[in-house]
Amino acid sequence: MKVVDIFIGTTLRGSAKGSGRVMYIMRTTRKNGSDYEAAPQIAEYDDTTESESVLRAIRDALQRLHYACTVVIHTECSNVAAAITQHWPEKWQHDGWKSAKGNPVKNAVLWEMLLQEVEDGGHILLAESEKHEYAEWMRFNLPLKRALKDIFTEVPKTDGMSRVLMLETIPVNPPRW
């Protein structure tokens, strides 16, 4: 099964709600052994948390995959990484989206959508909570709205809650995910 790494960074930290950006980069190894790195995808969300932004980025990235893959999420969001690693979403779903203490699970709708994407795509989902190799680059580039506007085109999202900034250039001969 092909391995796809998804590196995620966000301007938000912790559980406080606010406006922020999230960026993800997908990378895989081609059959010839060379790496393919997709163009960064960036979204802005209002009234959101770090976990919500990361979950939306994962969902969006999974929707780009066209066949079953082992997907490795690299994020500094320890809540999301721990939940994936310890298979909490599957437990929450089994328990009617209640935590071990019987409380409603935060972001249950996003977790449910993520589980559905994994199931529909036949993916295996893994996670690492770490400062990944793109973390510093993302931390530097995410807040630069003016600079990003110069190289990205703003595209409204259909969910009405986000704006996606897309690179104007398209990589030559992108592989089928």
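Treat the numbers as computed from the prediction; the structure is a model and nothing was measured.

**Q** When you look at the packing of helix H1 (residues 50-63) against helix H4 (residues 108-121) in this model, what are you seeing that I'm missing?
**A** Working note: a packed helix pair is described by the angle between its axes plus the distance between those axes. Running from amino to carboxyl end, H1 crosses H4 at an angle of 20 degrees, the nearest separation of the two axes being 10 Å. Comparing the axis directions of H1 and H4 gives the class roughly parallel. Taken as a pair, H1 and H4 cross one another with a handedness that is left-handed. Judged by residue contacts, Glu52, Leu55, Arg56, Ile58, Arg59, Leu62 and Gln63 of H1 engage Leu110, Trp111, Met113, Leu114, Glu117 and Val118 from H4.

**Q** In this structure, what is going on with the environment of Phe7? I would like to understand it.
**A** Along the chain, the position of Phe7 falls in strand S1 (residues 2-10). The sequence separation of Phe7 and Lys131 amounts to 124 residues, and the corresponding C-alpha distance is 9.8 Å. Once residues lying within four places of it in the same chain are set aside, the contact partners of Phe7 are Met23, Tyr24, Ile25, Arg27, His74, His132, Glu133, Tyr134 and Met138.

**Q** I'm lost on unusual backbone geometry in this one. Help?
**A** Trans peptide bonds make up most of the peptide bonds, and negative phi angles are found at most residues other than glycine. The phi dihedral of Asp47 is positive, around 50 degrees, even though this residue is not glycine. Along the chain, Asp47 falls in strand S4 (residues 41-48). Residue class for Asp47 comes out exposed when judged on its relative accessible area of 52%. You will see that Trp97, though not glycine, has its phi angle at about 60 degrees, which is positive. Tracing the chain through its elements places Trp97 in the loop between helix H3 (88-94) and H4.

**Q** What am I meant to see in the confidence of the model for the chain here?
**A** The pLDDT averaged across the chain works out to 85; a share of 81% of its residues lies at or above 70. Model confidence for the chain, summarised as mean pLDDT per element, is weakest for helix H6 (residues 145-151) at 47 and strongest for strand S5 (residues 69-75) at 97. Scored below 50 in pLDDT, residues 146-151 shows 10 contacts in the model against residues more than four places distant or in partner chains. Taken as a whole, residues 165-177 scores under 50 in pLDDT and shows 37 contacts with residues more than four places along the chain or in a different chain.

**Q** I'm lost on the pairing of S1 in this one. Help?
**A** Remember that side chains alternate between the two faces of the sheet whenever the strand is regular. Of all 9 residues in S1, 7 are buried, a share of seventy percent or more. As judged from the 6 bridges shared by S1 and S5, these two strands associate in the parallel manner. In the sheet register, Val4 faces S5, and the bridge partner there is Val71.

**Q** Can you help me understand the pattern of salt bridges in this one?
**A** In a structure, side chains of opposite charge can pair up when their charged atoms sit close to one another. By the definition in use, this model includes 10 salt bridges. Residues Arg139 and Glu136 are paired through a salt bridge, measuring 3.7 Å at the closest nitrogen-oxygen approach. Placement of both Arg139 and Glu136 in helix H5 (residues 135-141) is noted, with a separation of 3 residues, approximately one turn of the helix. A residue is classified by how much of its surface remains accessible, and Arg139, at 34% relative accessible area, is partly exposed. Overlapping salt bridges, with partners in common, bring together Arg13, Glu50, Glu76, Lys131, Glu136 and Arg139 in one network.

**Q** When you look at H1 in this model, what are you seeing that I'm missing?
**A** The periodicity of an α-helix, 3.6 residues per turn, causes residues three or four places apart in sequence to face the same way. With 14 residues, H1 should cover 20 Å at 1.5 Å per step; its first-to-last C-alpha distance of 20 Å lies within 8% of that length. Across the 14 residues of H1, 13 count as buried, placing the element largely inside the fold.

**Q** I'm lost on the nonpolar core in this one. Help?
**A** Soluble globular proteins tend to pack their nonpolar side chains together in the buried interior. Formed by 36 residues in total, the largest nonpolar core has its most connected members in Ile6, Ile8, Ile58, Ile73 and Trp111. Contributions of two or more residues to this core are made by S1, strand S2 (18-29), S4, H1, S5, helix H2 (78-85), H4 and strand S6 (124-129). Not counting residues within four places of it along the chain, the set of residues in contact with Ile6 comprises Tyr24, Ile25, Met26, Ala61, Val71, Val72, Ile73 and His74. Counting 7 residues, the second largest nonpolar core, distinct from the first, contains Met23, Ile42, Tyr134 and Met138.

Each value, and the rule that gives it
- Residues numbered from 1 in each chain as written.
- Predicted model: local features only at pLDDT ≥ 70, side-chain atom pairs only at ≥ 80, totals over all residues.
- Heavy atoms only, no water.
- Axes fitted to C-alpha atoms, helices over the stretch in contact; angles between N-to-C directions.
- Helix = DSSP H or I, 4+ residues; strand = E, 2+ residues; numbered from the N terminus.
- Parallel < 35°, antiparallel > 145°, perpendicular 65-115°, else oblique.
- Left-handed = near helix turned anticlockwise from the far one by under 90°.
- Contact = heavy atoms within 4.5 Å.
- Buried < 20%, exposed > 50% of the residue type's maximum accessible area, 1.4 Å probe, protein only.
- pLDDT = per-residue confidence, 0-100.
- Pairing = 2+ DSSP bridges.
- Salt bridge = Lys/Arg side-chain N within 4 Å of Asp/Glu carboxyl O.
- Expected span 1.5 Å × (residues − 1).
- Core = buried A, V, L, I, M, F, W, Y, C linked by side-chain atoms within 4.5 Å.

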